[in-house]
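# A closer look at the structure
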Amino acid sequence: MAFHEVRFPANLSFGSVGGPERRTEIVTLTNGFEERNSPWAHSRRHYDAGVGLRSLDDVAALIAFFEARAGQLHGFRWKDWADYKSCPPSQAPAFQDQLLGLGDGVQTDFQLSKTYVSGGVSYRRPIAKPVSGTVLVGMGGDALVETVGYALDLTRGVVSFFTPPPEGAQVTAGFEFDVPVRFDADRIAVSVASFQAGDLPQVPVVEVRL
């Protein structure tokens, strides 16, 4: 079991269907009221890679990628076209997009994250797989330069400052990111005749915890 730092072909994931899943346990009491609880702190995303196939060449590329990952065995990167930026989809990432934390004069490592806000409630999602060349980092309202002020671990999504940010300094970042996933089946069934007739194979993909 390993994680391959390779992205599923973005042109194939473009037409995929999927999104976040939450796990909620609901118990209905004898008086009709409910008790609801969730054992998950974070959502888990599911996708169907088969929907984006448009030609037999796409099918061949999918099979090659599937074989190289040994089915469900190895994880890989996935571009979720509906949610892959630290900012709104119509905008370009900027270093002020997301607040990663406040400096305390000691901490040097900050995890990339994206905060979702609605109705006064927020959810902070850790980002473990940023895209190379897209990460912008700032401190105290000023943009920083990678290799001068900080180092970036693209395999974990961690920003490491060479000097601890001073107490109270806002550490921010903007970026594009991938979702760490694996195939959710050890079998792909493809019929050329059915495919040409518009019958697409189901290729489930599920997010993995890192």
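Not measured: the values here are computed from a predicted model.

## Remarks on the overall build of the protein
Scanning the protein for helices and strands turns up three helices and 17 strands. Here the C-alpha coordinates of the protein stretch approximately 65 × 55 × 35 Å along the principal axes. The buried share of the protein, reckoned over its 210 residues, is 38%. The contacts in the protein between residues at least 6 apart in sequence include a share of 73% that link residues at least 24 apart. Here the protein displays about 11400 Å² of accessible surface, and carbon together with sulfur accounts for 53% of that area.

## A word on the sheet that holds strand E14 (residues 158-161)
In a beta sheet, neighbouring strands are held together by backbone hydrogen bonds and run either parallel or antiparallel to one another. Taken in spatial order, the three strands make up an open sheet running E8-E14-E13, and their pairing is antiparallel. The open sheet terminates on both sides in strands that have one partner only, identified here as strand E8 (109-111) and strand E13 (150-153). If you compare each strand with its neighbour and ignore which way they point, the axes differ by 20° on average. Bridge count for E8 against E14 is three bridges, and the pairing is antiparallel. Of the residues in E14, the one forming a bridge with Asp-109 is Ser-160.

About the criteria used
Residues numbered from 1 in each chain as written. Predicted model: local features only at pLDDT ≥ 70, side-chain atom pairs only at ≥ 80, totals over all residues. Heavy atoms only, no water. Helix = DSSP H or I, 4+ residues; strand = E, 2+ residues; numbered from the N terminus. Buried < 20%, exposed > 50% of the residue type's maximum accessible area, 1.4 Å probe, protein only. Contact = heavy atoms within 4.5 Å. Areas by Shrake-Rupley, 256 points an atom, 1.4 Å probe, with all protein chains shown as cover. Pairing = 2+ DSSP bridges. Axes fitted to C-alpha atoms, helices over the stretch in contact; angles between N-to-C directions.

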